[in-house]
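# A structural walkthrough
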Amino acid sequence: MPRFAANLSMLYNEHAFLDRFAAAAADGFAAVEFLFPYAFPAADIAARLRDNGLQQVLFNGPAGDWEHGERGTACVPGREDDFKRGIDQALAYAETLHCPRVHAVAGIAPANVERALLRATYVANLAWAAAQAASHGVDIVIEPINTRDIPGFFLNRQDHAHEVVADVGAPNLKVQMDLYHCQIVEGDLARKIEKYLPGGGVGHMQTAGVPERREPDVGEINHAYLFDLIDRVGYDGWIGCEYRPRITSPGGTSAGLGWFQPYRNRPT
């Protein structure tokens, strides 16, 4: 069966962040992910993981000034030093959290900059990040994101992401395939799964209902069919549950986990 990780930036918002680990474990999750850990000491997060028997499977590298609209710096010319400092910080957290992968967030394409320069900057930054991460035993992942949620985001398609990975040529650089974003931009999810999951080029997956980014049993995607397909093609990684629960009270996140019951407490 597929293995699911609770995204603690979106799930369990009825709890304070450090209390979400216990809530996820109580509901049967064996792993977690989140956007950014940097507001908390790594040791405090590591203690919550250890106390609740959880594995940290993903988080984002620093993404610039998030509060003022930045969504990564990897593709942005002139921000190379910021990107490198962010990766260094992320790798230090990954070591403490025993996290095997970090998402290097591409960023919003600056206006009036040729795409060829953006792509060259992106490839060079990812090559550097992958080399640094290799010495820590960490994978770098890149994620195509739809431009409805993040207008102007540089990386939007699965084929483009895999082309970038091929250009860099680092064995620890992989694609983070989010079915939510992929459905909005491209659709044809089953064929994308069959094409890209075999062979190990996808290092992590995420999903949510489309179009409202709710639980996987809501919306236009037949998740039960896709989860079976993911199993059949041999993907044994994690699928991050990166959605906004439709039920806020009573019961919060836990009340919407009916879809998860067949998969809970799967051995890691």
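Quick summary incoming for the structure in this document. (Residues numbered from 1 in each chain as written. Predicted model: local features only at pLDDT ≥ 70, side-chain atom pairs only at ≥ 80, totals over all residues. Heavy atoms only, no water.)

### Some details on the overall build of the chain
The secondary structure content of the chain amounts to nine helices and eight strands. Since a compact globule built from 268 residues should have a radius of gyration of about 18 Å, the 18 Å found for the chain is in line with a globular shape. Each of the three principal axes of the chain carries a C-alpha extent, and together these read 50 × 40 × 35 Å. Here the chain, with 268 residues, has 53% of them falling under the buried criterion. Look at the contacts in the chain between residues 6 or more apart in sequence, and 77% of them connect residues 24 or more apart. Accessible surface, the chain: about 11200 Å² in total, of which carbon and sulfur atoms supply 49%. Distance between charge centres in the chain, computed from 24 positive and 33 negative side chains, equals 2 Å. (Helix = DSSP H or I, 4+ residues; strand = E, 2+ residues; numbered from the N terminus. Rg over C-alpha atoms; globule rule 2.2 N^0.38 Å. Buried < 20%, exposed > 50% of the residue type's maximum accessible area, 1.4 Å probe, protein only. Contact = heavy atoms within 4.5 Å. Areas by Shrake-Rupley, 256 points an atom, 1.4 Å probe, with all protein chains shown as cover. Lys, Arg positive; Asp, Glu negative; His and termini not counted. Charge placed at Lys NZ, Arg CZ, Asp CG, Glu CD.)

### A closer look at the pairing of strand S1 (residues 3-7)
Along S1, five of the five residues are buried, which leaves the element largely enclosed by surrounding structure. Here S1 shows two buried faces, one formed by Arg3, Ala5 and Asn7 and the other by Phe4 and Ala6. Pairing of S1 with strand S8 (residues 238-241) involves four bridges; the strand directions are parallel. Bridge pairing links Arg3 to Trp238 in S8. With three bridges joining them, S1 and strand S2 (residues 31-33) adopt parallel strand pairing. Residue pairing for S2: Ala5 is matched across the bridge by Ala31. Note that the unit made of S1, helix H1 (residues 20-26) and S2 has a crossover that is right-handed. (Pairing = 2+ DSSP bridges. Right-handed = clockwise from strand over helix to strand, strands pointing away.)

### Remarks on the nonpolar core
Membership of the largest hydrophobic core comes to 84 residues, with the highest contact counts inside it found for Phe21, Phe59 and Tyr122. Non-local contacts of Phe21, meaning those with residues more than four positions away in its chain, are made with Leu8, Val32, Phe34, Ile45, Arg48, Leu49, Asn52, Leu54 and Gln56. Listed in part, the seven residues of the second largest apolar core include Ala30, Ala31, Val57 and Trp238. (Core = buried A, V, L, I, M, F, W, Y, C linked by side-chain atoms within 4.5 Å.)

### What about the sheet that holds S2?
In space, the eight strands of this closed barrel follow the order S1-S2-S3-S4-S5-S6-S7-S8, with parallel pairing throughout. On average, each strand axis in the sheet is tilted by 30° relative to the strand beside it, whichever way the strands run. When strand S7 (residues 202-207) meets S8, the two strands line up parallel, connected through three bridges. Note that in S8 the partner of Met205 across the bridge is Ile239. On the sheet, helix H3 (residues 80-97) packs against strand S3 (55-60) and strand S4 (101-103) and is oriented at approximately 170° with respect to S3. (Axes fitted to C-alpha atoms, helices over the stretch in contact; angles between N-to-C directions.)

### Remarks on helix H2 (residues 42-51)
Those residues of H2 lying buried are Ala42, Ile45, Ala46, Ala47 and Leu49. Once H2 finishes, Gly53 follows within two positions and takes phi at roughly 65°, a positive value.

### Here's the deal with the environment of Val175
Note that Val175 resides in strand S6 (residues 173-178). Taking the C-alpha atoms as reference points, Val175 and Asp159, separated by 16 residues in sequence, lie 10.0 Å from one another. Not counting residues up to four positions away in its chain, the partners in contact with Val175 are Ile142, Pro144, Gln158, Ala161, His162, Val165, Gly201, Val202, Gly203 and His204.

### Overview of unusual backbone geometry
A cis amide bond, omega 15°, links Val210 with the succeeding residue Pro211. With respect to the helices and strands, Pro211 occurs in the loop between S7 and helix H8 (223-232). Although it is not a glycine, Asn112 adopts a positive phi angle of roughly 65°. Summarising the element assignment, Asn112 is placed in the loop between S4 and helix H4 (115-134). Residue classification places Asn112 among the exposed residues on the basis of a relative accessible area of 84%.

### Examining the packing of H4 against helix H5 (residues 158-168)
Viewed as axis vectors pointing N to C, H4 and H5 meet at an angle of 60°, and their least axial separation amounts to 10 Å. As far as their axial angle goes, H5 and H4 are oblique. Regarding H4 and H5, the two cross each other, and that crossing is right-handed. Residues Arg119, Tyr122, Val123, Leu126 and Ala127 of H4 touch H5, and the partners they reach there are Glu163, Val164, Asp167 and Val168. Class assignment for the residues of the contact of H4 with H5 results in six nonpolar, no polar and three charged. (Parallel < 35°, antiparallel > 145°, perpendicular 65-115°, else oblique. Left-handed = near helix turned anticlockwise from the far one by under 90°. Nonpolar A, V, L, I, M, F, W, Y, C, P; charged D, E, K, R; others polar.)

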